[in-house]
Amino acid sequence: MIILRSLLIIGFIARAVDSQSPCSVCGDGKEVGDPDAIFVFPGQPAVPCGLLESAGDQGLIPDNQCGFLPALVGPQCDCEPSGLGPTAPVAPPVAPVAPVASPTPRPSPRPSPRPTPRPTPRPTPRPTPAEVIPTP
């Protein structure tokens, strides 16, 4: 469903595209800072900023629309200078861990105990007296 929606959106953006040159939707030297933000323009479908940027990079946005896009896209997509966008989180270094004994016990060479030959007694309807052992 998402792929179909994305293809439809790119189709709307790229209507009547022949061989367009790439278009930086944020402007020269800038890139989308929030690819998950949604770009909304009246009369057009809402598009994730990352998808809009990809369409521009692939030349799917007509040249006559590329010129005015940066002023509209910038505030909604958090455009920023290229190369300063969000980076993937870096995992902290992991200290070497000494091997530990296996948490699973090894199988026993003996067979499992046999089940009880008789069923256990039924519960009593009333509590039974129990010996009370005083604590010191």
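Quantities reported herein were computed from a predicted structural model and do not represent experimental measurements. (Residues numbered from 1 in each chain as written. Predicted model: local features only at pLDDT ≥ 70, side-chain atom pairs only at ≥ 80, totals over all residues. Heavy atoms only, no water.)

Caption draft 1: Region of the structure containing the overall build of the protein. When helices and strands are counted, the protein shows four helices and four strands. Starting at the N terminus, the α and β elements of the protein follow one another as α-β-β-β-α-α-α-β. Considering the protein as a whole, with its 136 residues, one finds that 23% of them fall into the buried category. Partitioning the intrachain contacts of the protein with sequence separation of at least 6 by distance along the chain shows that 73% fall at a separation of at least 24. Only carbon and sulfur atoms are counted for the fraction: they give 63% of the accessible area of the protein, which is about 11300 Å². (Helix = DSSP H or I, 4+ residues; strand = E, 2+ residues; numbered from the N terminus. Buried < 20%, exposed > 50% of the residue type's maximum accessible area, 1.4 Å probe, protein only. Contact = heavy atoms within 4.5 Å. Areas by Shrake-Rupley, 256 points an atom, 1.4 Å probe, with all protein chains shown as cover.)

Caption draft 2: Examining unusual backbone geometry more closely. Although it is not a glycine, D78 sits at a positive phi angle of roughly 55 degrees. For D78, the position within the fold is in the loop between α4 (69-77) and β4 (80-81).

Caption draft 3: Inspection of the environment of G50 at higher detail. As for its position among the elements, G50 is in helix α2 (residues 49-57). Given the relative accessible area of 17%, G50 is considered buried. In sequence terms G50 and P35 are 15 residues apart; their C-alpha atoms lie 3.9 Å from each other.

Caption draft 4: Structural view of the side chain of E53. Secondary-structure assignment places E53 in helix α2. No salt bridge is formed by the buried E53, whose closest oppositely charged neighbour, K30, lies at an N-O distance of 12 Å. At 3.0 Å, the side chain of E53 and the backbone nitrogen of V32 are in polar contact. Excluding residues that lie within four positions of it along the chain, E53 makes contacts with V25, E31 and V32. (Lys, Arg positive; Asp, Glu negative; His and termini not counted. Salt bridge = Lys/Arg side-chain N within 4 Å of Asp/Glu carboxyl O. Polar contact = N/O pair within 3.5 Å; in protein donor to acceptor, adjacent residues only side chain to side chain.)

Caption draft 5: Here's a closer look at the state of the cysteines. Summed over the entire model, instances satisfying the criterion amount to three disulfides. Across a sulfur-sulfur distance of 2.0 Å, C23 and C66 are joined as a disulfide pair. Given an S-S torsion of about 100 degrees, the disulfide between C23 and C66 has right-handed geometry. Remark: C66 occurs in helix α3 (residues 63-66) and C23 occurs in the loop between α1 (2-13) and β1 (30-31); sequence separation between them is 43 residues. Since its relative accessible area comes to 15%, C66 is described here as buried. Across the disulfide from C49 sits C77; the S-S distance is 1.9 Å. Between C49 and C77 the sulfur-sulfur dihedral comes to about -75 degrees; the bridge is accordingly left-handed. Highlighted residues: C49 in helix α2 and C77 in helix α4, separated in sequence by 28 residues. For C49, a relative accessible area of 0% corresponds to the buried category. When the bonded cysteines of the protein are counted from the start of the sequence, the pairing works out to 1-4, 2-6, 3-5. (Disulfide = S-S within 2.5 Å.)

Caption draft 6: View of α2. The buried fraction of α2 is high, at seven of nine residues. Looking at α2, one finds that the buried residues are C49, G50, L51, L52, E53, A55 and G56. Looking one or two residues beyond α2, the residue adopting positive phi is G59, at roughly 75 degrees.

Read these as layout, nothing more, since geometry by itself doesn't imply function.
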